[in-house]
There are 2 protein chains.
Amino acid sequence: MTLYTYFRSSAAYRVRIVLALKGLAWQPSVVHMLRDGGEQHRPEYRAVNPLGLVPTLVDGDAVLVQSTAICEYLEETHPEPPLLPRDSVARAYVRAVMATIACEIHPLDNLRVLHYVTKTLGHDEDEKLAWYRHWVAVGFAGLEALMTKAGRTGRYVHGDTPTLADAFLVPQVFNARRFQCPLDAFPTIVRVADTAAAHPAIASARPDAQVDAA
Amino acid sequence: MTLYTYFRSSAAYRVRIVLALKGLAWQPSVVHMLRDGGEQHRPEYRAVNPLGLVPTLVDGDAVLVQSTAICEYLEETHPEPPLLPRDSVARAYVRAVMATIACEIHPLDNLRVLHYVTKTLGHDEDEKLAWYRHWVAVGFAGLEALMTKAGRTGRYVHGDTPTLADAFLVPQVFNARRFQCPLDAFPTIVRVADTAAAHPAIASARPDAQVDAA
(Lines give C-alpha, C1' and ligand atoms only; values in the text may rest on other atoms or scores of the structure.)
Protein backbone atom coordinates (compact mmCIF):
# COMPACT_ATOMS: atom_id res chain seq x y z
CA MET A 1 0.00 0.00 0.00
CA THR A 2 1.06 3.56 -0.64
CA LEU A 3 0.07 6.34 1.74
CA TYR A 4 0.19 9.92 0.52
CA THR A 5 1.19 11.54 3.76
CA TYR A 6 2.63 14.64 5.40
CA PHE A 7 4.27 14.23 8.79
CA ARG A 8 2.24 17.00 10.42
CA SER A 9 -1.12 16.15 8.85
CA SER A 10 -3.41 15.10 11.65
CA ALA A 11 -5.60 13.09 9.27
CA ALA A 12 -2.57 11.24 7.85
CA TYR A 13 -1.38 10.59 11.41
CA ARG A 14 -4.71 8.81 12.16
CA VAL A 15 -4.27 6.50 9.18
CA ARG A 16 -0.60 5.83 10.05
CA ILE A 17 -1.74 4.73 13.52
CA VAL A 18 -4.33 2.33 12.11
CA LEU A 19 -1.86 0.88 9.59
CA ALA A 20 0.63 0.34 12.42
CA LEU A 21 -1.94 -1.23 14.77
CA LYS A 22 -2.97 -3.61 11.97
CA GLY A 23 0.69 -4.44 11.28
CA LEU A 24 0.37 -3.44 7.61
CA ALA A 25 3.38 -2.45 5.51
CA TRP A 26 3.15 0.78 3.48
CA GLN A 27 5.27 3.09 1.39
CA PRO A 28 5.13 6.84 1.97
CA SER A 29 4.55 9.26 -0.86
CA VAL A 30 5.22 12.63 0.74
CA VAL A 31 2.91 15.57 0.00
CA HIS A 32 4.58 18.66 1.46
CA MET A 33 1.62 20.76 2.57
CA LEU A 34 3.55 23.99 3.05
CA ARG A 35 5.94 23.94 0.09
CA ASP A 36 5.01 25.98 -3.02
CA GLY A 37 1.64 26.92 -1.53
CA GLY A 38 0.89 23.28 -0.74
CA GLU A 39 1.70 20.27 -2.90
CA GLN A 40 -1.79 18.92 -2.17
CA HIS A 41 -3.16 21.50 -4.64
CA ARG A 42 -0.99 20.34 -7.56
CA PRO A 43 -2.81 18.90 -10.58
CA GLU A 44 -0.72 15.70 -10.30
CA TYR A 45 -1.96 15.16 -6.77
CA ARG A 46 -5.53 16.15 -7.53
CA ALA A 47 -5.51 13.48 -10.24
CA VAL A 48 -5.03 11.02 -7.36
CA ASN A 49 -7.17 12.78 -4.73
CA PRO A 50 -9.69 15.23 -6.26
CA LEU A 51 -10.32 16.76 -2.83
CA GLY A 52 -6.77 18.07 -2.70
CA LEU A 53 -6.48 16.81 0.86
CA VAL A 54 -4.04 14.52 2.66
CA PRO A 55 -4.05 11.53 3.18
CA THR A 56 -4.81 9.21 0.29
CA LEU A 57 -4.31 5.46 0.61
CA VAL A 58 -3.68 3.41 -2.51
CA ASP A 59 -4.36 -0.30 -2.01
CA GLY A 60 -3.92 -2.17 -5.29
CA ASP A 61 -6.44 -0.62 -7.70
CA ALA A 62 -8.35 1.14 -4.93
CA VAL A 63 -7.70 4.82 -4.24
CA LEU A 64 -9.15 5.79 -0.88
CA VAL A 65 -9.71 9.28 0.50
CA GLN A 66 -10.93 10.85 3.76
CA SER A 67 -9.33 9.44 6.91
CA THR A 68 -12.59 8.23 8.45
CA ALA A 69 -13.46 6.27 5.31
CA ILE A 70 -9.91 4.90 5.05
CA CYS A 71 -9.91 3.72 8.69
CA GLU A 72 -13.29 1.98 8.30
CA TYR A 73 -11.99 0.37 5.08
CA LEU A 74 -8.88 -0.97 6.84
CA GLU A 75 -11.07 -2.31 9.66
CA GLU A 76 -13.26 -4.15 7.13
CA THR A 77 -10.47 -5.49 4.94
CA HIS A 78 -8.01 -6.31 7.75
CA PRO A 79 -10.23 -7.23 10.70
CA GLU A 80 -7.39 -8.34 13.01
CA PRO A 81 -6.75 -6.93 15.52
CA PRO A 82 -10.25 -5.45 15.72
CA LEU A 83 -10.26 -1.68 16.23
CA LEU A 84 -14.01 -1.44 16.74
CA PRO A 85 -15.88 -3.24 19.54
CA ARG A 86 -18.38 -5.95 18.57
CA ASP A 87 -21.47 -4.45 20.17
CA SER A 88 -23.29 -1.85 18.07
CA VAL A 89 -23.84 0.57 20.96
CA ALA A 90 -20.15 0.43 21.86
CA ARG A 91 -19.24 0.91 18.19
CA ALA A 92 -21.47 3.98 18.10
CA TYR A 93 -19.61 5.36 21.14
CA VAL A 94 -16.23 4.84 19.44
CA ARG A 95 -17.54 6.45 16.25
CA ALA A 96 -19.03 9.36 18.23
CA VAL A 97 -15.58 10.07 19.70
CA MET A 98 -14.08 9.88 16.19
CA ALA A 99 -16.74 12.23 14.82
CA THR A 100 -16.38 14.73 17.65
CA ILE A 101 -12.71 15.10 16.71
CA ALA A 102 -13.15 14.82 12.94
CA CYS A 103 -16.29 17.01 12.66
CA GLU A 104 -16.17 19.43 15.60
CA ILE A 105 -12.51 20.23 16.27
CA HIS A 106 -10.11 19.44 13.45
CA PRO A 107 -12.10 21.04 10.55
CA LEU A 108 -11.97 24.41 12.29
CA ASP A 109 -8.27 24.30 12.99
CA ASN A 110 -6.82 22.99 9.77
CA LEU A 111 -4.45 24.87 7.53
CA ARG A 112 -6.90 26.26 5.02
CA VAL A 113 -9.25 27.60 7.67
CA LEU A 114 -6.42 29.29 9.60
CA HIS A 115 -5.33 30.86 6.29
CA TYR A 116 -8.83 32.23 5.70
CA VAL A 117 -8.95 33.67 9.23
CA THR A 118 -5.64 35.49 8.77
CA LYS A 119 -5.43 36.27 5.04
CA THR A 120 -9.07 36.83 4.07
CA LEU A 121 -10.56 38.03 7.35
CA GLY A 122 -7.37 39.92 8.26
CA HIS A 123 -6.81 38.67 11.80
CA ASP A 124 -3.41 38.59 13.47
CA GLU A 125 -1.44 35.73 14.99
CA ASP A 126 -2.97 36.20 18.47
CA GLU A 127 -6.51 36.10 17.11
CA LYS A 128 -5.63 33.04 15.04
CA LEU A 129 -4.30 31.28 18.14
CA ALA A 130 -7.39 32.29 20.12
CA TRP A 131 -9.56 30.80 17.34
CA TYR A 132 -7.51 27.58 17.37
CA ARG A 133 -7.66 27.20 21.14
CA HIS A 134 -11.33 28.11 21.32
CA TRP A 135 -12.40 25.17 19.13
CA VAL A 136 -10.11 22.75 20.95
CA ALA A 137 -11.55 23.94 24.27
CA VAL A 138 -15.18 23.66 23.11
CA GLY A 139 -14.62 20.30 21.44
CA PHE A 140 -12.61 18.77 24.27
CA ALA A 141 -15.13 19.96 26.89
CA GLY A 142 -17.85 18.05 25.06
CA LEU A 143 -15.61 15.06 24.47
CA GLU A 144 -14.48 14.87 28.11
CA ALA A 145 -18.12 14.92 29.21
CA LEU A 146 -19.08 12.32 26.60
CA MET A 147 -16.30 9.94 27.63
CA THR A 148 -17.02 10.41 31.34
CA LYS A 149 -20.77 9.88 30.95
CA ALA A 150 -20.36 6.81 28.73
CA GLY A 151 -18.16 5.15 31.36
CA ARG A 152 -16.50 3.00 28.72
CA THR A 153 -12.90 4.13 29.04
CA GLY A 154 -10.31 1.76 30.40
CA ARG A 155 -6.68 2.39 29.57
CA TYR A 156 -7.93 3.50 26.13
CA VAL A 157 -10.98 5.37 24.81
CA HIS A 158 -12.91 2.10 24.90
CA GLY A 159 -11.69 -0.54 27.32
CA ASP A 160 -8.12 -1.76 27.56
CA THR A 161 -7.19 -2.10 23.90
CA PRO A 162 -6.85 0.57 21.20
CA THR A 163 -9.74 1.36 18.87
CA LEU A 164 -10.16 3.72 15.93
CA ALA A 165 -11.09 6.40 18.48
CA ASP A 166 -7.56 6.36 19.92
CA ALA A 167 -6.21 6.79 16.39
CA PHE A 168 -8.21 10.02 16.21
CA LEU A 169 -7.60 11.23 19.77
CA VAL A 170 -3.80 10.92 19.85
CA PRO A 171 -3.18 13.29 16.88
CA GLN A 172 -5.69 15.82 18.23
CA VAL A 173 -4.02 15.94 21.65
CA PHE A 174 -0.61 16.14 19.95
CA ASN A 175 -1.80 19.19 17.98
CA ALA A 176 -3.43 20.77 21.01
CA ARG A 177 -0.10 20.62 22.85
CA ARG A 178 1.74 21.99 19.81
CA PHE A 179 -0.51 25.05 19.95
CA GLN A 180 -0.25 25.22 23.76
CA CYS A 181 -3.94 24.67 24.42
CA PRO A 182 -4.72 24.36 28.13
CA LEU A 183 -5.62 20.73 28.89
CA ASP A 184 -6.05 20.72 32.67
CA ALA A 185 -9.85 20.56 32.37
CA PHE A 186 -9.68 17.33 30.36
CA PRO A 187 -8.09 14.67 32.60
CA THR A 188 -9.77 11.69 30.92
CA ILE A 189 -8.74 12.80 27.44
CA VAL A 190 -5.15 13.42 28.54
CA ARG A 191 -4.86 10.17 30.49
CA VAL A 192 -6.16 8.04 27.63
CA ALA A 193 -4.26 9.88 24.89
CA ASP A 194 -0.97 9.59 26.81
CA THR A 195 -1.47 5.87 27.38
CA ALA A 196 -2.30 5.37 23.72
CA ALA A 197 0.63 7.49 22.51
CA ALA A 198 3.00 5.20 24.41
CA HIS A 199 1.74 2.07 22.59
CA PRO A 200 4.66 1.01 20.33
CA ALA A 201 2.61 0.86 17.11
CA ILE A 202 0.95 4.19 17.83
CA ALA A 203 4.30 5.74 18.75
CA SER A 204 5.73 4.65 15.37
CA ALA A 205 3.15 6.87 13.64
CA ARG A 206 4.30 10.08 15.38
CA PRO A 207 5.10 13.06 13.16
CA ASP A 208 8.74 13.19 14.28
CA ALA A 209 9.23 9.52 13.39
CA GLN A 210 8.31 10.09 9.72
CA VAL A 211 10.75 10.28 6.80
CA ASP A 212 9.62 13.81 5.95
CA ALA A 213 9.98 15.20 9.49
CA ALA A 214 12.16 18.31 9.52
CA MET B 1 -37.09 5.48 19.38
CA THR B 2 -36.92 9.14 20.35
CA LEU B 3 -35.02 11.63 18.21
CA TYR B 4 -33.96 14.91 19.75
CA THR B 5 -34.31 17.06 16.67
CA TYR B 6 -34.62 20.60 15.34
CA PHE B 7 -36.24 21.06 11.95
CA ARG B 8 -33.37 23.13 10.54
CA SER B 9 -30.51 21.06 11.99
CA SER B 10 -28.67 19.55 9.06
CA ALA B 11 -27.31 16.73 11.21
CA ALA B 12 -30.80 15.88 12.52
CA TYR B 13 -32.09 15.98 8.93
CA ARG B 14 -29.52 13.28 7.98
CA VAL B 15 -30.76 10.99 10.75
CA ARG B 16 -34.43 11.65 9.88
CA ILE B 17 -33.67 10.55 6.30
CA VAL B 18 -32.04 7.31 7.46
CA LEU B 19 -34.89 6.54 9.88
CA ALA B 20 -37.39 7.13 7.04
CA LEU B 21 -35.46 5.01 4.53
CA LYS B 22 -35.32 2.18 7.09
CA GLY B 23 -39.05 2.56 7.76
CA LEU B 24 -38.47 3.06 11.49
CA ALA B 25 -41.00 4.82 13.73
CA TRP B 26 -39.74 7.59 16.02
CA GLN B 27 -41.01 10.27 18.35
CA PRO B 28 -39.62 13.79 18.10
CA SER B 29 -38.31 15.63 21.13
CA VAL B 30 -37.80 19.16 19.84
CA VAL B 31 -34.66 21.08 20.82
CA HIS B 32 -35.17 24.65 19.66
CA MET B 33 -31.67 25.73 18.69
CA LEU B 34 -32.42 29.47 18.55
CA ARG B 35 -34.75 29.94 21.54
CA ASP B 36 -33.22 31.26 24.79
CA GLY B 37 -29.72 31.16 23.36
CA GLY B 38 -30.20 27.57 22.22
CA GLU B 39 -31.99 24.81 24.12
CA GLN B 40 -29.15 22.45 23.20
CA HIS B 41 -27.03 24.19 25.86
CA ARG B 42 -29.52 23.57 28.70
CA PRO B 43 -28.31 21.34 31.55
CA GLU B 44 -31.35 19.06 31.03
CA TYR B 45 -30.31 18.45 27.43
CA ARG B 46 -26.60 18.12 28.23
CA ALA B 47 -27.56 15.38 30.68
CA VAL B 48 -28.77 13.49 27.61
CA ASN B 49 -26.15 14.67 25.11
CA PRO B 50 -22.98 15.98 26.82
CA LEU B 51 -21.82 17.52 23.53
CA GLY B 52 -24.73 19.95 23.58
CA LEU B 53 -25.38 19.17 19.92
CA VAL B 54 -28.40 18.00 17.97
CA PRO B 55 -29.38 15.24 17.17
CA THR B 56 -29.49 12.55 19.85
CA LEU B 57 -31.21 9.22 19.20
CA VAL B 58 -32.53 7.23 22.13
CA ASP B 59 -33.11 3.57 21.29
CA GLY B 60 -34.19 1.68 24.41
CA ASP B 61 -31.34 2.08 26.90
CA ALA B 62 -28.91 3.34 24.26
CA VAL B 63 -28.28 7.08 23.93
CA LEU B 64 -26.55 7.80 20.63
CA VAL B 65 -24.84 11.01 19.56
CA GLN B 66 -23.10 12.36 16.43
CA SER B 67 -25.04 11.86 13.19
CA THR B 68 -22.33 9.77 11.50
CA ALA B 69 -22.22 7.36 14.44
CA ILE B 70 -26.04 7.24 14.62
CA CYS B 71 -26.37 6.45 10.90
CA GLU B 72 -23.77 3.66 11.09
CA TYR B 73 -25.59 2.29 14.17
CA LEU B 74 -28.93 2.23 12.34
CA GLU B 75 -27.29 0.49 9.38
CA GLU B 76 -25.86 -2.18 11.70
CA THR B 77 -28.97 -2.71 13.81
CA HIS B 78 -31.54 -2.42 10.98
CA PRO B 79 -29.70 -3.76 7.92
CA GLU B 80 -32.73 -3.65 5.58
CA PRO B 81 -32.82 -1.90 3.20
CA PRO B 82 -29.01 -1.64 3.07
CA LEU B 83 -27.74 1.93 2.91
CA LEU B 84 -24.12 0.96 2.36
CA PRO B 85 -22.90 -1.11 -0.61
CA ARG B 86 -21.47 -4.58 0.07
CA ASP B 87 -18.04 -4.05 -1.43
CA SER B 88 -15.47 -2.40 0.87
CA VAL B 89 -14.10 -0.05 -1.81
CA ALA B 90 -17.62 1.13 -2.67
CA ARG B 91 -18.39 1.54 1.05
CA ALA B 92 -15.24 3.67 1.37
CA TYR B 93 -16.50 5.86 -1.50
CA VAL B 94 -19.88 6.34 0.21
CA ARG B 95 -18.16 7.13 3.50
CA ALA B 96 -15.75 9.54 1.76
CA VAL B 97 -18.74 11.49 0.42
CA MET B 98 -20.27 11.51 3.92
CA ALA B 99 -16.99 12.71 5.45
CA THR B 100 -16.47 15.43 2.85
CA ILE B 101 -19.81 16.91 3.88
CA ALA B 102 -19.54 16.17 7.61
CA CYS B 103 -15.87 17.14 8.03
CA GLU B 104 -15.12 19.72 5.32
CA ILE B 105 -18.29 21.75 4.78
CA HIS B 106 -20.85 21.54 7.56
CA PRO B 107 -18.49 22.13 10.55
CA LEU B 108 -17.48 25.50 9.13
CA ASP B 109 -21.00 26.69 8.49
CA ASN B 110 -22.85 25.65 11.60
CA LEU B 111 -24.49 28.00 14.03
CA ARG B 112 -21.76 28.28 16.63
CA VAL B 113 -19.06 28.99 14.07
CA LEU B 114 -21.13 31.68 12.35
CA HIS B 115 -21.68 33.21 15.79
CA TYR B 116 -17.95 33.30 16.46
CA VAL B 117 -17.30 34.93 13.07
CA THR B 118 -19.82 37.69 13.74
CA LYS B 119 -19.82 38.14 17.53
CA THR B 120 -16.21 37.38 18.49
CA LEU B 121 -14.36 38.32 15.30
CA GLY B 122 -16.71 41.23 14.62
CA HIS B 123 -17.62 40.57 10.99
CA ASP B 124 -20.83 41.77 9.37
CA GLU B 125 -23.61 39.86 7.64
CA ASP B 126 -21.97 40.12 4.19
CA GLU B 127 -18.68 38.73 5.47
CA LYS B 128 -20.57 35.96 7.27
CA LEU B 129 -22.35 35.02 4.04
CA ALA B 130 -19.08 35.14 2.11
CA TRP B 131 -17.57 32.77 4.71
CA TYR B 132 -20.55 30.42 4.43
CA ARG B 133 -20.48 30.34 0.64
CA HIS B 134 -16.71 29.99 0.48
CA TRP B 135 -16.72 26.69 2.37
CA VAL B 136 -19.66 25.33 0.38
CA ALA B 137 -17.85 26.28 -2.85
CA VAL B 138 -14.54 24.70 -1.77
CA GLY B 139 -16.21 21.58 -0.40
CA PHE B 140 -18.58 21.06 -3.32
CA ALA B 141 -15.76 21.57 -5.85
CA GLY B 142 -13.85 18.71 -4.25
CA LEU B 143 -16.98 16.59 -3.90
CA GLU B 144 -18.07 17.13 -7.51
CA ALA B 145 -14.58 16.06 -8.66
CA LEU B 146 -14.59 13.07 -6.31
CA MET B 147 -17.99 11.85 -7.51
CA THR B 148 -17.09 12.38 -11.16
CA LYS B 149 -13.75 10.60 -10.88
CA ALA B 150 -15.19 7.65 -8.94
CA GLY B 151 -17.77 7.06 -11.69
CA ARG B 152 -20.10 5.36 -9.21
CA THR B 153 -23.11 7.65 -9.36
CA GLY B 154 -26.33 6.41 -10.89
CA ARG B 155 -29.54 8.13 -9.95
CA TYR B 156 -28.05 8.45 -6.45
CA VAL B 157 -24.57 9.08 -5.03
CA HIS B 158 -23.84 5.36 -5.43
CA GLY B 159 -25.83 3.51 -8.07
CA ASP B 160 -29.60 3.58 -8.36
CA THR B 161 -30.66 3.25 -4.72
CA PRO B 162 -30.12 5.62 -1.81
CA THR B 163 -27.17 5.20 0.56
CA LEU B 164 -26.03 7.01 3.69
CA ALA B 165 -24.22 9.44 1.36
CA ASP B 166 -27.54 10.70 -0.02
CA ALA B 167 -28.72 11.25 3.56
CA PHE B 168 -25.76 13.60 4.00
CA LEU B 169 -25.89 15.25 0.57
CA VAL B 170 -29.57 16.24 0.52
CA PRO B 171 -29.40 18.41 3.69
CA GLN B 172 -26.16 20.05 2.55
CA VAL B 173 -27.65 21.03 -0.83
CA PHE B 174 -30.82 22.21 0.94
CA ASN B 175 -28.72 24.49 3.15
CA ALA B 176 -26.61 25.72 0.23
CA ARG B 177 -29.77 26.86 -1.54
CA ARG B 178 -31.10 28.47 1.62
CA PHE B 179 -27.96 30.61 1.72
CA GLN B 180 -28.09 31.20 -2.05
CA CYS B 181 -24.78 29.52 -2.80
CA PRO B 182 -24.09 29.29 -6.54
CA LEU B 183 -24.44 25.65 -7.63
CA ASP B 184 -23.98 25.82 -11.42
CA ALA B 185 -20.47 24.39 -11.18
CA PHE B 186 -21.73 21.23 -9.46
CA PRO B 187 -24.08 19.46 -11.90
CA THR B 188 -23.51 15.96 -10.52
CA ILE B 189 -24.16 17.03 -6.94
CA VAL B 190 -27.33 18.90 -7.91
CA ARG B 191 -28.66 16.12 -10.14
CA VAL B 192 -28.17 13.43 -7.52
CA ALA B 193 -29.41 15.55 -4.60
CA ASP B 194 -32.57 16.55 -6.49
CA THR B 195 -33.32 12.94 -7.40
CA ALA B 196 -32.76 11.86 -3.80
CA ALA B 197 -34.84 14.73 -2.36
CA ALA B 198 -37.82 13.53 -4.42
CA HIS B 199 -37.70 10.02 -2.90
CA PRO B 200 -40.84 9.80 -0.71
CA ALA B 201 -39.01 8.68 2.45
CA ILE B 202 -36.31 11.32 2.01
CA ALA B 203 -38.94 13.98 1.29
CA SER B 204 -40.70 13.13 4.56
CA ALA B 205 -37.56 14.20 6.44
CA ARG B 206 -37.55 17.75 5.01
CA PRO B 207 -37.34 20.61 7.51
CA ASP B 208 -40.70 22.07 6.46
CA ALA B 209 -42.41 18.70 7.03
CA GLN B 210 -41.42 18.59 10.72
CA VAL B 211 -43.69 19.32 13.69
CA ASP B 212 -41.47 22.18 14.83
CA ALA B 213 -41.29 23.94 11.44
CA ALA B 214 -42.22 27.58 11.74
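Residues take numbers from 1 onward in each chain, read along the sequence in its written order. Numbering of ligands from 1 and lettering of chains from A proceed in the order in which they are written. Side-chain atom pairs in this predicted model are given and counted only at pLDDT of 80 or more, local residue features only at pLDDT of at least 70, and totals for whole chains, interfaces and linings cover all residues. Values shown for side chains rest on all heavy atoms present in the structure; no hydrogens or waters enter the calculation.

Draft legend 1. Focus on the layout of surface pockets. Volume-wise, the largest pocket comes out at about 930 Å³. Grid spacing is 1 Å over the protein atoms alone, the probe is 1.4 Å, and a cavity is where that probe fits but cannot get out, while a pocket is an open set with protein on both sides within 12 Å along at least five of seven lines and lining residues have an atom within 4 Å of a point. In this structure, the largest pocket is lined by 42 residues; those nearest its centre are Met-33, His-106, Asn-110, Leu-111 and Arg-112 of chain B. Elements with a contribution of two residues or more to the lining of the largest pocket: helix 4 (88–105) and helix 6 (125–150) of chain A together with helix 1 (10–21), helix 3 (67–77), helix 5 (111–120), helix 6 (125–150) and helix 7 (164–178) of chain B. Grid points are joined across faces, edges and corners, and a volume is the space filled by probe spheres set on the points. The calculated volume of the second largest pocket comes to roughly 760 Å³. Numbering of helices and strands runs from the N terminus, with a helix taken as a DSSP run of H or I at least four residues long and a strand as a DSSP run of E at least two residues long.

Draft legend 2. Seen up close, helix 8 (residues 187–197) of chain A. Exposure is judged per residue with a 1.4 Å probe applied to protein chains only, and the accessible area is read against the type maximum: over 50% gives exposed, under 20% gives buried, and values in between give partly exposed. Of all the residues in helix 8 of chain A, the buried ones are Thr-188, Ile-189, Val-190, Val-192, Ala-193 and Ala-196 of chain A. Contacts are residue-level and defined by heavy atoms, with any inter-residue pair within 4.5 Å sufficient. Buried residues belonging to helix 8 of chain A abut helix 6, helix 7 (164–178) and helix 9 (200–204) of chain A.

Draft legend 3. Structural detail: the UniProt feature "domain: GST C-terminal" (unreviewed entry) in chain A. UniProt's entry tags residues 87–214 of chain A with the feature "domain: GST C-terminal" (unreviewed entry), counted in the numbering of this structure. For the annotated span residues 87–214 of chain A, helix accounts for 66% and strand for 0% of the residues, and the straight-line distance between the end C-alpha atoms is 42 Å. UniProt positions are given in the numbering used here, feature names are shortened, and annotations may be inferred rather than shown by experiment.

Draft legend 4. Highlighting helix 6 of chain B. Residues and elements named next belong to chain B. Under the convention used throughout, the expected extent of a helix is 1.5 Å for every residue step, that is, one less than its residue count. For helix 6, with 26 residues, the first-to-last C-alpha span of 37 Å sits near the 38 Å given by 1.5 Å per residue. Definition of a polar contact: a pair of N or O atoms within 3.5 Å, with one able to donate and the other able to accept a hydrogen when the atoms are protein atoms, and with sequence-neighbouring residues admitted only if both atoms are side-chain atoms. In this structure Asp-124 caps helix 6, since a side-chain oxygen of it lies 3.2 Å from the backbone nitrogen of Asp-126. Among the residues trailing helix 6, Gly-151 stands out with phi positive, at a value near 60 degrees.

Draft legend 5. Spotlight on the side chain of His-106 of chain A. Within the secondary structure, His-106 of chain A sits in the loop between helix 4 and helix 5 (111–120). Setting aside anything within four residues of it in sequence, one finds His-106 of chain A in contact with Ser-10, Arg-14, Ile-101 and Gln-172 of chain A.

Draft legend 6. Looking closely at the relation of the copies chain A and chain B. Only residues with pLDDT of at least 70 in both copies contribute their C-alpha atoms to the least-squares superposition of the copies. Mapping chain A onto chain B is achieved by rotating through 180 degrees and translating by 0.0 Å along the same axis, at an RMSD of 0.0 Å. This pairing of chains is accounted for by a two-fold axis. For chain A, the residue whose C-alpha comes nearest the rotation axis is Cys-103 of chain A, separated from it by 2.3 Å. A shared binding surface is used by both copies, with 100% of the interface residues of chain A retained as interface residues in chain B.

Draft legend 7. View of the domain arrangement of chain A. Residues and elements named next belong to chain A. The split into domains, and so the bounds of each, comes from an automatic or database assignment of domains. According to the domain assignment, chain A contains domain 1 (2–81) and domain 2 (88–201). Domain 1 and domain 2 are separated by 20 Å when their C-alpha centres are compared. Counting residues at the interface gives 15 residues for domain 1, matched by 18 residues for domain 2. Summed over both partners, the accessible surface that disappears when two parts come together, traced with a 1.4 Å probe, is what is meant by buried area. Of the roughly 1,600 Å² buried between domain 1 and domain 2 on both sides combined, carbon and sulfur atoms contribute 67%. For the domain 1 face of the interface with domain 2, the top three residues by lost area are Tyr-13, Arg-14 and Leu-21, together amounting to 34%. In what follows, salt bridge is the name for a side-chain nitrogen of Lys or Arg lying within 4 Å of a carboxyl oxygen of Asp or Glu. On inspection of domain 1 and its partner domain 2, the count reaches 1 salt bridge. Applying the counting criterion to the domain 1 and domain 2 interface returns 1 residue pair in polar contact (both at pLDDT 80 or more). Within the residue set of the side of domain 1 that touches domain 2, elements represented by two or more residues are helix 1 (10–21) and helix 3 (67–77). Sort the elements by how many residues they give to the side of domain 1 that touches domain 2 and helix 1 lands first, with 7 residues. Each residue gets one of three labels, nonpolar for Ala, Val, Leu, Ile, Met, Phe, Trp, Tyr, Cys and Pro, charged for Asp, Glu, Lys and Arg, and polar for the others, Gly among them. Here the residues of the side of domain 1 that touches domain 2 are counted per class, giving 9 nonpolar, 3 polar and 3 charged.

Draft legend 8. Molecular detail of the interface of chain A and chain B. Each partner contributes residues to the interface: chain A has 45 residues there, and chain B has 45 residues. For the pair chain A and chain B, the summed buried surface comes to about 4,000 Å²; carbon and sulfur atoms form 69% of the total. Notably, a salt bridge pairs Arg-91 of chain A with Glu-76 of chain B, separated by 2.8 Å at the nearest N-O pair. Across the contact surface, chain A and chain B share 15 residue pairs in polar contact (both at pLDDT 80 or more). For the side of chain A that touches chain B, the elements supplying multiple residues, two or more each, are strand 4 (62–65), helix 3, helix 4, helix 5 and helix 6 of chain A. Per-element accounting of the side of chain A that touches chain B gives the leading share, 11 residues, to helix 4 of chain A. Of the residues assigned to the side of chain A that touches chain B, the class counts are 30 nonpolar, 8 polar and 7 charged.

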